[in-house]
Amino acid sequence: MDLTCTEEEEDFRARLRAWLGKVLPELPAKPSPDDWPGRRAYDLGWQRRLYEAGYAGLHWPVDAGGRGATPTQHLIFLEETERAGAPYVGANFVGLLHAGPTIAAEGSAGQRARWLPPVLRGDEVWCQGFSEPDAGSDLASLRTRAVRDGDDYVVTGSKIWTSHAEVADWCELLVRTDPEAPKHRGISWLAMPMDAPGVTVRPLRTLAGSTEFAEMFLDEVRIPVANRVGAENDGWRVTMVTLSFERGTAFVGEVVACRRTLGELARTAKANGRWDDPVLRRRLGRLYGEFGALWRLTQWNVSESEGSGGVPGIGGSVFKLAYSHARQELYEVAAEVLGAASLSLEEEWTLDRLSSLSYTIAAGTSQIQQNIVAERILGLPKGR
């Protein structure tokens, strides 16, 4: 791994920093957290600005509509946008970080031409239809069924924890196309239009009061066979590609954000007198070292993915496991630093702390990540 900045990359940083300094003050005010149509418009408006400036899909392959940037340029982009306080991917994180990269890696030329440009331009939003109420952490036991009928699949079943489903145009959907096959071998990956007849979305309210998740019910929804990414019944392998992106590179911007948050906590502790507590200082120092190590692991994962055709390796599970727990501890320390102020749901800190509780479950539970590390990295036998 060689992430030493070249003269060209330093020039890229300077130009990006200058562009951010010009465009960020021009952005409209952020909409209310409960205004999902407004949040969709705000997030896609930012994506359109990135696209018009040539920064959309920076690290995507050129033939997928990206710029084919180096790993270092990708990381510079994440560092500079986060440090400048630029908007994150927001409502279209599935399209930009999961579905889009999967289609770029596994889709046909026609599929790439149809779905990738609208994601990069900020025209369409994707959601993820993987989890099911009865599957738990065993994703391969999903029951949503797709029956072939001519040029269509007829899909019936339900999904849960479908992020931003109420404002999505498309869904990356896992279905069972062969109920007689072993559970990992009878699955297919489909792109489902969210306006198809038979799709019902019911928002779920979280602990923080947000409705970013939803239940999704599918009643004989017809999806063209042409919308299948990969071969029929090969969806589990395609899903592993999606999860590699979700665990390996999708969180990289958040590591930069957590490092910035850590610095803000240290400054707050010095201002409110809590810095005198040696135990608190040690916790902050240890977290500083941990997030520094996670950033180095991020650099390694991004570099590795570029060397393997753009698909991250299983090292993403190591990152996801460590990051989930470090993020939770970060906001536990935040509660200690802020005291009673951390209990108000009107405080962004509080909402971030509540959100952090989900990270050991989202994108694969910590227990699943531990199994992957044990079996695929350490070579240990499978547990019974």
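From a predicted model like this one, the values you see are computed outputs, not experimental measurements.

J.: Would you mind showing me how to read the pattern of salt bridges here?
T.: If charged atoms from side chains of opposite charge come close, those side chains can pair. With the rule as written, the count across this model stands at 26 salt bridges. The partner of arginine 40 in a salt bridge is aspartate 169, with the nearest N and O atoms 3.0 Å apart. Taken together, the positions of arginine 40 in helix 2 (residues 36–53) and aspartate 169 in the loop between strand 3 (152–159) and strand 4 (170–176) put the pair 129 residues apart, joining distant regions of the chain. Judged by its relative accessible area of 19%, arginine 40 is buried. Close ionic contact of arginine 222 with aspartate 149 constitutes a salt bridge, the shortest N to O distance being 2.7 Å. With arginine 222 in strand 7 (residues 213–224) and aspartate 149 in strand 2 (residues 145–149), this pair connects stretches of sequence that are 73 residues apart. Accessibility expressed as a relative area gives 40% for arginine 222, which makes it partly exposed. Under the relative-accessibility criterion, aspartate 149 is labelled partly exposed at 40%. Three or more residues joined by partner-sharing salt bridges are found here, namely Glu10, Arg13, Arg17, Glu79, Glu80 and Arg83.

J.: Please clarify how the side chain of arginine 228 should be interpreted in this entry.
T.: Looking at where arginine 228 falls in the secondary structure, it is placed in strand 8 (residues 228–229). Within the buried set, arginine 228 has no salt-bridge partner at all; the shortest N-O distance to an opposite charge, 4.0 Å, is to glutamate 232. Among the polar contacts made by the side chain of arginine 228, one reaches the side chain of tyrosine 153 at a distance of 2.9 Å. If near-sequence neighbours (up to four positions away) are discounted, arginine 228 is found in contact with Gln111, Arg148, Tyr153, Ser188, Trp189 and Leu190.

J.: Any chance you could explain unusual backbone geometry here in plain terms?
T.: With glycine set apart, most residues show a phi of negative sign, and most peptide bonds adopt trans. The residue glutamate 220 is not glycine, and still its phi comes out positive at about 50°. The exposure class of glutamate 220 is exposed, given its relative accessible area of 55%. Of note, asparagine 233 is a non-glycine position whose phi angle comes to about 70°, a positive value. Within the secondary structure, asparagine 233 is located in the loop between strand 8 and helix 6 (235–248). Given the relative accessible area of 24%, asparagine 233 is considered partly exposed.

J.: When you look at the confidence of the model for the chain in this model, what are you seeing that I'm missing?
T.: With 80% of its residues at a pLDDT of 70 or more, the chain shows a mean pLDDT of 84. Least confident of the elements in the chain is helix 11 (residues 366–377), whose mean pLDDT is 63; most confident is strand 8, at 98.

J.: Looking at this structure, how should I read the nonpolar core?
T.: Nonpolar side chains in soluble globular proteins tend to be buried together. Ranked by internal contacts, the top residues of the largest apolar core, which has 66 residues, are Trp46, Trp126, Trp189 and Phe291. Top contributing element to this core by residue count: helix 9 (residues 315–338), with 8 residues. Of all hydrophobic cores here, the second largest spans 22 residues; its members include Cys127, Cys171, Val199 and Ile223.

J.: What's the story with the pairing of strand 3 in this structure? I'm lost.
T.: Examined bridge by bridge, strand 2 and strand 3 share 5 bridges and lie antiparallel to one another. Considered in strand 3, the bridge of valine 147 is made with valine 154. Between strand 2 and the antiparallel strand that follows it, strand 3, lie 2 residues; glycine 150 among them carries a positive phi value of about 65°.

How each quantity is defined
Residues numbered from 1 in each chain as written. Predicted model: local features only at pLDDT ≥ 70, side-chain atom pairs only at ≥ 80, totals over all residues. Heavy atoms only, no water. Salt bridge = Lys/Arg side-chain N within 4 Å of Asp/Glu carboxyl O. Helix = DSSP H or I, 4+ residues; strand = E, 2+ residues; numbered from the N terminus. Buried < 20%, exposed > 50% of the residue type's maximum accessible area, 1.4 Å probe, protein only. Lys, Arg positive; Asp, Glu negative; His and termini not counted. Polar contact = N/O pair within 3.5 Å; in protein donor to acceptor, adjacent residues only side chain to side chain. Contact = heavy atoms within 4.5 Å. pLDDT = per-residue confidence, 0-100. Core = buried A, V, L, I, M, F, W, Y, C linked by side-chain atoms within 4.5 Å. Pairing = 2+ DSSP bridges.

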